[in-house]
Amino acid sequence: MEYLPIFLALLASVLFATAFRRFHLPWVLALISAGVVIGPGLNLVEVTPTLAFLSEIGLIFLMFMAGLETNVSSFKHFTANIAWLAIPNSLIPFGIGAGIGMAFGFDLVAALLLGAIFMSSSIAVI
């Protein structure tokens, strides 16, 4: 019975990927949608330690696949545009995070660390 959640997750991912392929939607969106539907949506699957471990491996695989699809040579053409977007998108959250840290009475290092955390989460938007 321990393998039933894994089987349901695999079955849902295959069915959703097949359905999303017909509509020319990305397979990543299909996998995320399948997880939402069978997890919190319909409560068909309860998270077991094995399923949690496999989900962590799946997350690493997802990030690896996203990295493989990144074309680094295309950055040469968009360097100026990326810089104009990246600089304010990193400095503003850094300043806000450091300001929040100082407002709550953190010392300088902790406030700068909080600013770095804010900055790192905003860079993913780019």
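Here we summarise the structure given alongside this text.

The rules we used
- Residues numbered from 1 in each chain as written.
- Predicted model: local features only at pLDDT ≥ 70, side-chain atom pairs only at ≥ 80, totals over all residues.
- Heavy atoms only, no water.
- Core = buried A, V, L, I, M, F, W, Y, C linked by side-chain atoms within 4.5 Å.
- Buried < 20%, exposed > 50% of the residue type's maximum accessible area, 1.4 Å probe, protein only.
- Helix = DSSP H or I, 4+ residues; strand = E, 2+ residues; numbered from the N terminus.
- Contact = heavy atoms within 4.5 Å.
- Expected span 1.5 Å × (residues − 1).
- Arc of directions from axis to C-beta.
- Axes fitted to C-alpha atoms, helices over the stretch in contact; angles between N-to-C directions.
- Nonpolar A, V, L, I, M, F, W, Y, C, P; charged D, E, K, R; others polar.

Re the nonpolar core
Within soluble globular proteins, side chains that are nonpolar tend to cluster in buried spots.
Stage number 1. Counting six residues, the largest nonpolar core consists of I6, A12, A34, I38, V45 and L51.
Stage number 2. Sorting the residues of this core by element identifies α1 (4-22) and α2 (27-41) as the ones contributing at least two each.
Stage number 3. If sequence neighbours within four positions are ignored, L51 has contacts with P5, I6, A9, V45 and E46.

Regarding α1
Stage number 1. Taking 1.5 Å of rise per residue, 19 residues should cover 27 Å, and α1 covers 27 Å from first to last C-alpha, within 8% of that figure.
Stage number 2. Considered for burial, the residues of α1 that qualify are P5, I6, A12, S13, A17 and F20. The buried residues of α1 occupy an angular sector of 130° when the element is viewed end-on, so they sit on one face. Among the exposed residues of α1, those pointing more than 90 degrees away from its buried face are V14, L15 and R22.
Stage number 3. Count one or two residues on from α1 and you reach H24, which has phi positive near 60°.

Notes on the packing of α1 against helix α3 (residues 49-68)
For any two helices packed against each other, the geometry comes down to the angle between their axes and how far apart the axes lie.
Stage number 1. Contact geometry of α1 with α3 gives a least axis separation of 9 Å together with a crossing angle of 35°. Listed contacts from α3 to P5, I6 and A9 of α1 are T50, L51 and L54.
Stage number 2. Residue classes in the contact of α1 with α3 are distributed as five nonpolar, one polar and no charged.

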